[in-house]
Structure formats: C-alpha cells, structure tokens
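Per-entry structural report
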Amino acid sequence: MLGRQTFLIGFMLFALFFGAGNLIYPPTLGLEAGTSYWPAIAGFILTGVGLPILAISAIALVNEDATELGNKIHPMFGLIFTSVIYLAIGPFFGIPRAANVAFEMGILPAFQPDSGQLSMLLLLFTSIFFILVYWFSLNPSKLVDRIGQWLTPCLLIAVAALCIGGFLQLSSPVKPPESKYITTPFFTGFVEGYLTMDAIAALAFGIIVVTAFKERGIQTKKEMVISTLKAGLISGAALTIVYGSLGWIGAKMALQGSFENGGQILSSATQLVYGNFGLLLLGTIVALACFTTSIGLTVACGQFFARITRFSYAKIVAIISIVSFLVANLGLNQIIAVSVPVLVTIYPIAIVLVLLAFLDKWFNGSPLVYRGAILLTSIVSIYEGLDALGLDLGGIQSLVEHLPLFSVGLGWLLPAVIGASIGGFIDQRG
C-alpha cells in the first residue's frame, strides 16, 4: 500500500514542481543552445531536477521545514530567511507568475483582446483562478489524492501528446548555438535552471511531502528520508523526460521564426503540429501546470505561516490567495522584473544550506561552519542581487567579478568553501 502511496506522492510532487517556469524555460534553452543542446540541458536538469530532490531530502532529514536548516546558523536567521523564501515563491512572485503565465498562454491566444479589454480579462481570469486555488488548498490532507491521482495524469497525458507530436512532425535542422552557449553550455544551462525556482520551492514543498508521509504512518527519520527520496526520484524522472522533450522541441523550432519567449515557441510548435487544436492542448497543459503549482505553493505557505503566527490555516490561505490575486494583476513583466534580483540573491544561500545539511555529519553540525559558509555566500549573492537591479557598485564590481567561476554564475562557490573552512578551523581551535 505504501508503495502506491509513494508513487502518488511522487506524482503530486511532479505536478507541484511543474509550473510556469518549467514550461517556458526549456524551449528557450533548446532554441538558444542549438547544437550544444545536450550539455546545456544536462546543466539545466542538474539545478532544475537534482537540486530540488536534494532539497526535499534535506527537509526530510530535519523532519520539519526549512526553518530547521536556517536554525543551524541562528534561530532568527532561520525564521527570517525561510519567511523570505515562502513569500518569494508564494504570494509575491511564484503564485502570481503562475497565474499570469496561465493567462497569457492559455487564455490570450483564444480571445485575443485589445489593450482596453486586457486588464479586465486578466481581472476576471485571476478572480476565478484564485477562488479555485483557495478552495483546493483548504484541505491539504486531500492534496495527494486530488493532484497525484487526478490532475497529474491529465497533465502528463497532455504533455506527452505535445512532445510525441513534436518529435514526429518537427524536422528542421538544429542551428549553431548562440554566444552564451558556445564556450560553457553546461554551466550556462546550470544557471538557467535557477529560473524554474524549484530548488527553493522544494524547501517549501518539503513540509507537504513530510506531512503526507507522516499521515501514512512514516515516523522514523530513516524511513522518512528513504520514502521522500523515492518520491523525489519518481518526480525527478518525470521532470527530466519532460524538460528534455520540451527543450528539444525548442531546438527544432529555431528556423521557424523569431520568438520572444518559451511560451511563443510552444504556441507556434503546437500550431505547427496540431493546428488550431494545438492551442487547446497547450492551454490545457499550461492551466493544469500553473494551477497545481499554485495550489502547492499556497498550501506550503499556509502551513508554514499558520505554524509561526496566531492565524488559523484557513485565514492564512485566504490572505495568500488575496495577495496573490492583487500582485497577479500587476502583469507578468512587472512581476519578473522584481523577482529576478530576489531570486539571484536567495538561490545561492538556499543551495549552500541544502548541501551543508547533507555534509552535516562530516563536521559534526558545527554552527560555525554554517555561519562562515553562509556569510561569505551572502556577500556574493547580495552583490549579484543589487547588480541585477542595475545599481552601480563601483570598485566592488571588479573585485567580485574576479572570483573563480563568476562568469558562469557560480562566483559564490569558492567563498562558501572558504567560509566553511574558516568556521571549521575556528571550531576545532576552540
């Protein structure tokens, strides 16, 4: 029985991860990477699939939520950083972005409103969208059955139809890679995987997975980690196949015209393969993907903030739904413009926390190791966030840009290692 439940939880996890960014970024990568597609998609999968599985497993290790990881540094850091993660992937960025992508890819192609009707149509769509998200999120104990058993199979069938049709019908040759994929396609794909937001989303979804297994009788840490890892691998296998397929469709669409984003690539591909039916197919995929992700993020945020505040879970879910609705009506471009600096700031910190959780026994869980690694990582990641805002940082810029691997988006890696080493040295001397 538990084997079937693990499979369903893995299915649920796939649907929670597979949202707006997971749809639009692989086709863009495929189109831009061209003949360098395979190393590029390998890097993308490492951050878009591998890191989320590690993050989910890290939450299972502490048997709670991401606060426990942050508490290794300081309880106040754990509370603040985890709150920032939940707010970023929840009502401020992640959920509104999902609603907007569902609107722009699932509704606009069918209605084609003029500029005067656009805001009103968005208002109507988001009203219905968030009422449904609120209703589905009210009873998290039914999340596995509602998503894992019903919504995920529908999503997978629709994605499979798109990918199989693309493989059979799209025969254009693959073009040479664009400049950023010529020299380091793997590392470029690695950084592009950040944009899915899945590694930090996994820190939030972890509490849903742990709770689901607890409700099914899993109690010991060993059983929890093994079961969570199995569910993560089921989800990861599905994500890998889907990312690889969507990315390859993008690569085969390179000579079919110019596109501004992955949504346009997929829209054109589905129309080429299925005609007008393709718009309905793509709309179904987008609606299901964005809807399930929004439910998962709402539940995760609701469970977290209900635990750290005096508000009930139902009230928190209502607040999240209302705030998400308001932010969603600002429009996709505004949401993305603000979210990118925040993501490049918190992503390296989240990655280092997850990696340290798995290495914890090698340094006996020393808080000084955690503090040293996170301190130096934060310096680099905060710089990158301010740089993404377009701020002129003067002499600091030339100093930071000389860090090894900075050009491929991994400038934080060496400082993290140095900070951890210094912390370990001080701990041993003390």
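Residues numbered from 1 in each chain as written. Predicted model: local features only at pLDDT ≥ 70, side-chain atom pairs only at ≥ 80, totals over all residues. Heavy atoms only, no water.

The next subject is the overall build of the protein chain. Within the protein chain, the regular secondary structure consists of 19 helices and zero strands. Per-residue burial over the protein chain gives 56% buried out of 430 residues. Put simply, the protein chain shows about 18200 Å² of open surface, and 68% of that area lies on carbon and sulfur atoms. Of note, the protein chain has its 19 positive side-chain charges centred 13 Å away from the centre of its 19 negative side-chain charges. (Helix = DSSP H or I, 4+ residues; strand = E, 2+ residues; numbered from the N terminus. Buried < 20%, exposed > 50% of the residue type's maximum accessible area, 1.4 Å probe, protein only. Areas by Shrake-Rupley, 256 points an atom, 1.4 Å probe, with all protein chains shown as cover. Lys, Arg positive; Asp, Glu negative; His and termini not counted. Charge placed at Lys NZ, Arg CZ, Asp CG, Glu CD.)

In this model, helix α17 (residues 367-388) (22 residues) spans 31 Å end to end at C-alpha, consistent with the 32 Å of a helix rising 1.5 Å per residue. When α17 is considered as a whole, its buried residues turn out to be Val-369, Tyr-370, Gly-372, Ala-373, Ile-374, Thr-377, Ser-378, Val-380, Ser-381, Tyr-383, Glu-384 and Gly-385. After α17 finishes, the residue Gly-390 shows a positive phi value of roughly 90°. (Expected span 1.5 Å × (residues − 1).)

Now for the environment of Tyr-383. Summarising the element assignment, Tyr-383 is placed in helix α17. Assessed through its relative accessible area of 5%, Tyr-383 is described here as buried. Remark: the alpha-carbon pair of Tyr-383 and Ala-66, spanning 317 residues in sequence, is separated by 24 Å. If sequence neighbours within four positions are ignored, Tyr-383 has contacts with Leu-393, Ile-396, Gln-397, Val-400, Glu-401 and Phe-406. (Contact = heavy atoms within 4.5 Å.)

To continue, consider empty space enclosed by the protein. Tallied over the full model, the rule gives three cavities of 30 Å³ or more. Lining the largest cavity are 17 residues; nearest its centre among them are Arg-97, Thr-196, Met-197, Thr-293 and Leu-297. Counting only elements with at least two residues in the lining of the largest cavity, the list comes to α1 (2-17), α2 (20-33), α6 (94-106), α11 (198-215) and α14 (277-308). Residues that form the lining of the largest cavity fall into these classes: nine nonpolar, six polar and two charged. (1 Å grid on protein atoms, 1.4 Å probe; cavity = no way out; pocket = protein on both sides within 12 Å on 5 of 7 lines; lining within 4 Å. Points joined across faces, edges and corners; volume = space filled by probe spheres on them. Nonpolar A, V, L, I, M, F, W, Y, C, P; charged D, E, K, R; others polar.)

Our next topic: unusual backbone geometry. Positive phi, normally seen in glycine, also occurs at Asn-364, with a value near 55°. With respect to the element layout, Asn-364 can be found in the loop between α16 (332-359) and α17. In this structure, Leu-405 is a non-glycine residue whose phi angle is positive, near 70°. Of note, Leu-405 is situated in the loop between α18 (395-400) and α19 (413-429).

One can describe the packing of α14 onto helix α15 (residues 313-328) by two numbers: an axis separation of 8 Å at closest approach and a directional angle of 130°. Taken together, the axes of α14 and α15 lie oblique to each other. In the crossing of α14 with α15, the sense of the turn from one axis to the other is right-handed. Two secondary-structure elements touch here, α14 through Thr-298, Val-299, Cys-301, Gly-302, Gln-303, Phe-305 and Ala-306 and α15 through Tyr-313, Ile-316, Val-317, Ile-320 and Ser-321. Classifying every residue of the contact of α14 with α15 gives eight nonpolar, four polar and no charged. (Axes fitted to C-alpha atoms, helices over the stretch in contact; angles between N-to-C directions. Parallel < 35°, antiparallel > 145°, perpendicular 65-115°, else oblique. Left-handed = near helix turned anticlockwise from the far one by under 90°.)

Going through the model one piece at a time under the given rule, you end up with 21 aromatic pairs. When the ring of Tyr-86 is compared with that of Phe-305, the centres are 6.3 Å apart and the planes differ by 70°; the resulting orientation is edge-to-face. In this pair, Tyr-86 is assigned in helix α5 (residues 75-92) and Phe-305 in helix α14, connecting sequence segments 219 residues apart. For Tyr-86, a relative accessible area of 0% corresponds to the buried category. Aromatic rings pair up to connect Phe-103, Phe-125, Phe-129, Phe-130, Trp-135, Phe-136 and Phe-291 into one cluster. (Phe/Tyr/Trp six-rings, centres within 6.5 Å; stacked < 30°, edge-to-face > 60°.)

Inspection of the entire model under this criterion finds zero disulfides. Not engaged in a disulfide, the cysteine Cys-163 finds its nearest cysteine sulfur in Cys-290; these two sulfurs lie 16 Å apart. Cys-301 forms no disulfide, and the closest cysteine sulfur to it belongs to Cys-290, at a distance of 16 Å. (Disulfide = S-S within 2.5 Å.)

As a further point, take a nonpolar patch on the surface. Taken together, the side chains of Leu-368, Leu-405, Leu-413, Leu-414, Val-417, Ile-418, Ile-422, Phe-425 and Ile-426 define a hydrophobic patch exposed on the protein surface, amounting to about 730 Å² of accessible area. Looking at the nonpolar patch, the element that brings in the most residues is α19, giving seven residues. (Patch = residues over 30% accessible without salt bridge, like charges linked within 9 Å, V, L, I, M, F, W, Y side chains within 5 Å. Salt bridge = Lys/Arg side-chain N within 4 Å of Asp/Glu carboxyl O.)

The next subject is the side chain of Thr-126. With respect to the helices and strands, the residue Thr-126 is situated in helix α8 (residues 115-137). Under the relative-accessibility criterion, Thr-126 is labelled buried at 0%. Within polar-contact distance, the side chain of Thr-126 engages the backbone oxygen of Leu-122 at 2.8 Å. In this structure the side chain of Thr-126 is engaged in a polar contact, spanning 3.1 Å, whose partner is the side chain of Asn-329. Among residues more than four places away in sequence, those in contact with Thr-126 are Phe-325, Ala-328 and Asn-329. (Polar contact = N/O pair within 3.5 Å; in protein donor to acceptor, adjacent residues only side chain to side chain.)

Attention now goes to the side chain of Thr-47. Within the secondary structure, Thr-47 is located in helix α3 (residues 37-62). When its relative accessible area of 0% is taken as the criterion, Thr-47 is described as buried. Those residues in contact with Thr-47 that sit more than four places away from it in its chain are Pro-52, Gly-189, Phe-190, Gly-193 and Tyr-194.

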